[in-house]
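Analysis of the macromolecular model
Read off the chains here:
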Amino acid sequence: MNTNIEVPANYLVVGAGPSGLIAARALLKADVEVEIVERHSAPGGIWDIDSAGSPMYETCHFITSKWLGGFLDFPMPDDYPMYPSWRLVLQYIRQMSDAYGLTERTRFGLEVVEARPTLVSDTDAWTVRFSDGSERLYRGVVYAGGQQWLPFKPDFEGEEEFQGAIITGNRYKDPAQFKGKRVLIVGAGNSGVDIAVDAAEHAEAAFLSTRRAYHFLPKQVFGVPTPDLLNGKVDLPSVPGVADGLELIDIINLALSTVGDLSHYGLPKPEGVVLGSTQPIVSDLVLHCFSHGTLKHRPNIKRFHATDVEFDDGSREEIDLVVFATGYDIDIPWLPEGAVDYEAGHPHFHLGGLALNVPNLYGIGVLHPSRADAWATFDQLAQLVVADIKATLTGENAEALRYIREEFRPNLKGDFPFLDVRRNVNQVDVALLDQLISDLETKFGITVPRRQTPGFYDSVRRQYVTV
């Protein structure tokens, strides 16, 4: 304990990507002193393709629509297309950072090397050491580094004898990497399907390997962006020639009927309902590629050989390049051991925001809500972090926050039949997450911004937009 140092009141936000900007803006609105640190040279996070380790690739577009996928109280420009390119998303992120004075509050080109709890005059604080050798004292630290920096790659027998190249998805940047090669993409997430389409269009031969069968949906269903529709927060579209009164599942099933028998595309038939435990693949282009034979499906890998890959059904393909688009873990290497608990490569923050093992440590953007408005959800959960910090600094609503920390344990997975796979460790049931967000307001008195009530951050723009 050091009694000669003044107790700090400022908080450090680590990361100037979308989650970091969300966290900093929410704290500023609550009049909490904020500093942001970002290892790259500008805001943007994973959306800046030039940031080392970014999983961005030249053909990437926003998986959700411009209407539901952006920041709360700061909509994407009207002239953006329905699904903006990564360049437009990056431009938008930087506009948001500038609009709220966050860019000038950020120390760029600097990494956190170590953060350790420090007791100052009997008050919990944090000492943070940076890559330039400097140290600073903060009242607390907010991890907001994003979810897609540390690729996870499963291991398979025979990899050591394989003579081709094996890379993870974050090392794919441009379709030119596929020219003249026989390419295997492993994994059917959003980026995996995009990369498979690029391979289908530019490689000598292209294959997509998946462990399970998937439902496939177009990117628009009766004129509505499919992710927005699945999110359940947009009006259901009218269906020509069909009477009113259709439920969401009815409309989705109509959309599935336009895709038809997946065996015609060389794809296995999925089991279970479309809104069940496996997320459907939302892509127009991948079905185009399957139907034209430029992309072929293969089951899970059994093992590698010197020049080919063997699959679970016994088939083999000569392959020059394998791209593992098999998801990402989250690692916070600068935290002391035990500061947060991990499960299958994912840190646990209570209710997506509070670290319970140590005081004054928080996380923003660590849950995996699988919904079109993820950034809005992170903003809403950030209000819990803000409330906890205000309770720490001023005692405001302290009893409610004590209860949340010590006793409030809602099951955010509920009875939803999530598959027991790595990507689902931090997955939560959307309906239960909505209930939690409602509870923050109705049970605990924490004001939460909504898309339907713009103006929540107006005071921040007026007060902090200039230095």
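Rules and cut-offs
Residues numbered from 1 in each chain as written. Predicted model: local features only at pLDDT ≥ 70, side-chain atom pairs only at ≥ 80, totals over all residues. Heavy atoms only, no water. Salt bridge = Lys/Arg side-chain N within 4 Å of Asp/Glu carboxyl O. Helix = DSSP H or I, 4+ residues; strand = E, 2+ residues; numbered from the N terminus. Buried < 20%, exposed > 50% of the residue type's maximum accessible area, 1.4 Å probe, protein only. Expected span 1.5 Å × (residues − 1). Arc of directions from axis to C-beta. Contact = heavy atoms within 4.5 Å.

Turning next to the pattern of salt bridges. Per the stated rule, a full pass over the model turns up 22 salt bridges. Where aspartate 48 meets arginine 94, a salt bridge forms, and the shortest distance between an N and an O atom there is 2.7 Å. You can see aspartate 48 sitting in the loop between strand E2 (34-38) and helix H2 (86-99) and its partner arginine 94 sitting in helix H2, a full 46 residues away along the chain. The shortest N-O distance in the salt bridge between glutamate 159 and lysine 153 comes to 2.8 Å. Classification of glutamate 159 by relative accessible area gives buried; the value is 18%. One network of salt bridges, in which partners are shared, links Glu114, Arg116, Arg129 and Glu135.

Across its 13 residues, helix H9 (residues 430-442) extends 18 Å between first and last C-alpha, which sits within 8% of the 18 Å expected from 1.5 Å per residue. Regarding H9, the residues found buried are Leu433, Leu436, Ile437, Asp439 and Leu440. For H9, the angular spread of the buried residues around the axis is 155 degrees, confining them to a single face. Facing away from the buried side of H9 by more than 90 degrees, the exposed set consists of Ala431 and Thr442. Each element contacted by the buried residues of H9 is listed here: helix H7 (374-394).

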